Amino acid sequence: MEEQLLSLDDYIAILKRRKWQLIIPAVLLSIVGMITAVVLPPTYRSTATILIEQQEIPDELVRSTVTSYAAQRVQTISQRVMTTENLGKIIESYQLYPELMQRYGLVSAVEQMREDIELEMISADVIDPRSGRPSEATIAFSLSFESESPTVAQRVANDITSLFLSENLKDRQESAKETTAFLQKELAKLTDKLSLLEARLAQFKEEHGQSLPELKSLNMQLIQRSEDQLRDTEQSIRTLVERKIYLEGQLAQIDPYSELFSADGRRVLGPADRLKALEAEYATVAARYSSQHPERMRIEREIATLRQQVGQSANARAELERSLKEQQEELAGLRERYSTEHPDVKAQTGAIAITQRQLAQARQGGSANSPGVIDADNPAYIQLQAQLQAAVVELASLQESREEIRSKLADLEERIAKGPRIELEYQALTRDHENAMSSYSEVKQRLVAAELGEAMEAERKGERFSLIEPPRLPEQPAKPNRLAIAFLGLVLAFGGGVGNLALQEALDKSVHNARDVELITMGPPLAVIPFIETEADVHRRTRRRLIAVLGSILGVVLATAAVHQFVMPLDVLWIKVLDRAGLLHTETPNPS
């Protein structure tokens, strides 16, 4: 059969034909919705509002050690508060969720309690004091707990609020203490490190103090000054050497002893002259006589006595050396004329041996630093001798100074040579020391700030949670919304009735009017007989109208009873209606 479009008359006819298929499901579903709205148990909610107050002391003066955002900190505290231990104590204290505790244990009850606790952040648009830009900040938060008992809801909400407040205070103080303790440990480590670096730096300066980079210019100046001193000293030494040679020449030309004459005008020999004469005579006597000869022994004793008087002087050594040279020249002449067995050659050889022994003794007993004759009495000789001794002493002093200057110059040059390597090591040590010192100062400042922050938290001058709205005893249940559930039930009931009507009409294949006949037969019907109402139909319609009226009255009565029971008492509703309509007048008593 070809599908046809329905007109308004068709819809009215369908509604009349299937009105009970619409009404019965709608009424049944409405009753189910009403029963659901009535049967659902009431749930009460007690809510506390906590304000997040900023610290009393400005941040520019004392900076808090707790730097996390308020919302983040509230969430952290929430995780600490809603532990199984804390919530378990509350559940046991108020005997919450007895069925869950009995069937599934404490864990399931704690999970249900976490769902009944609601944490809601309260934000506001503020101006960021740092950037000056508008932003949204958390200024407060609310804590709610839902229960079937209003008293339990208030008490549990009060306990949870107390846990949040105490946990926030405990968390801030512990955070401040941990920060201070951490900085104290870091400061102790930096102090040890700084002491070690200072000891290493002091030891390095002690070992290489003269070669440090800051002394490089001074060492260069000292080198220049030492070189000048060395040049002047060498010049002075050359001058003194020349003077010494000159004085030695002059001293060699002057007789150290003054000439003495006897009463008869003959010259009296002094000890030195007498010693020279005996030494010359001794060479001849020694060559002629044996060592036991009385004459030789006398001359030896007299020479020994005179030598003790004269002393071992350089002049005596010079005389012996000159005598030795003359004897050697005379021996060379004798050997040219005689054989080695000739008595004169043997005597001269023995005399040379004796002179050599005397010269050796003189060299062993004499003083090399005493130029000239010790007992000289010639004033000119003594003056020259004194000048020579002064020149020798000054020359020795200058030579010693020259060696000192050379040693000092070598030391300075070594310092300059070692400078680059020492500079690298010194810079590394200095850099480590400066870095450690900078870190120490920074940590020290932070420790002072942390100690101030800890004191601020101990005296509760920092950011804190203030309970501005304590949990109150709820007067009305927060849920369920019975009116909304009932209204939704009515809407769903009407929709269910309409759906049932449409389904029945779609499944019905019977013929209901002339157009259905025309569509089947492909032609118009011969005649249309209208519906003829009988007396029984009239009575049936009257009875149905009476049932509808009574049902409506019963529905109104039930709805009024439901409003009185679950929404508000009817007398209160009537007073509110009168008040909204402006018909309720309250007279103010006259104080007089």
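Residues numbered from 1 in each chain as written. Predicted model: local features only at pLDDT ≥ 70, side-chain atom pairs only at ≥ 80, totals over all residues. Heavy atoms only, no water.

Which entries qualify depends on this criterion: UniProt positions are given in the numbering used here, feature names are shortened, and annotations may be inferred rather than shown by experiment.
Heading Subcellular location (unreviewed entry) of the UniProt record for the chain holds this comment: "Cell membrane".

## A word on the packing of aromatic side chains
Defined as follows: A pair of aromatic rings is counted whenever rings of Phe, Tyr or Trp (Trp by its six-membered ring) have centres within 6.5 Å, and the orientation is called stacked for planes under 30 degrees apart, edge-to-face for over 60 and tilted otherwise. Only runs of H or I of at least four residues qualify as helices and only runs of E of at least two qualify as strands under DSSP, and these elements are numbered from the N terminus.
This model, assessed by the stated rule, comprises three aromatic pairs. Seen in terms of ring centroids, Phe141 and Phe465 are 5.3 Å apart; in terms of plane orientation they differ by 70 degrees. Their pairing is edge-to-face. Taken as a pair, Phe141 in strand E3 (residues 134-147) and Phe465 in strand E6 (residues 464-469) lie far apart in primary sequence, 324 residues in all. Ring-pair connections join several aromatic residues into one group, and the members of that group are Phe141, Phe164 and Phe465.

## Quick word on the nonpolar core
Basically, it comes down to this: Within this scheme, the nonpolar core is defined by two criteria: the residues are buried Ala, Val, Leu, Ile, Met, Phe, Trp, Tyr or Cys, and they are joined through side-chain atoms within 4.5 Å. Relative accessibility under 20% of the residue-type maximum defines a buried residue, over 50% an exposed one, and the middle range a partly exposed one, all with a 1.4 Å probe and only protein chains included. Only heavy atoms enter the contact rule, under which two residues are in contact if any of them lie within 4.5 Å.
Membership of the largest hydrophobic core comes to 25 residues, with the highest contact counts inside it found for Leu96, Met113, Phe141, Phe145, Val156, Ile160 and Phe164. Counting only elements with at least two residues in this core, the list comes to strand E1 (44-53), helix H3 (70-81), helix H4 (84-94), helix H6 (106-116), E3 and helix H7 (150-208). Sorting elements by how many residues they give to this core places H7 first, with five residues. The residues touching Phe141, leaving out its near neighbours within four places in the chain, are Ala48, Thr49, Ile50, Ile52, Val74, Leu119, Glu120, Met121, Ile122, Phe164 and Phe465. Formed by nine residues, the second largest nonpolar core is a distinct cluster that contains Leu275, Val285, Ile299 and Ile303.

## A short note on the layout of surface pockets
Test applied: In this analysis, the protein atoms alone were mapped onto a 1 Å grid. Cavities are point sets where a 1.4 Å probe fits without being able to get out; pockets are open sets with protein on both sides within 12 Å along at least five of seven lines; lining residues have an atom within 4 Å of a point. Grid points are joined across faces, edges and corners, and a volume is the space filled by probe spheres set on the points.
Counted as a void, the largest pocket has a volume near 1200 Å³. Looking at the lining of the largest pocket, the elements with two or more residues in it are helix H2 (19-39), helix H14 (482-507) and helix H16 (535-567). With 17 residues, the top contributor of residues to the lining of the largest pocket is H16.

## Some thoughts on the side chain of Thr180
By the element assignment, Thr180 lies in helix H7. Residues in contact with Thr180, not counting those within four places in the same chain, are Leu447, Ala450, Glu451 and Glu454.

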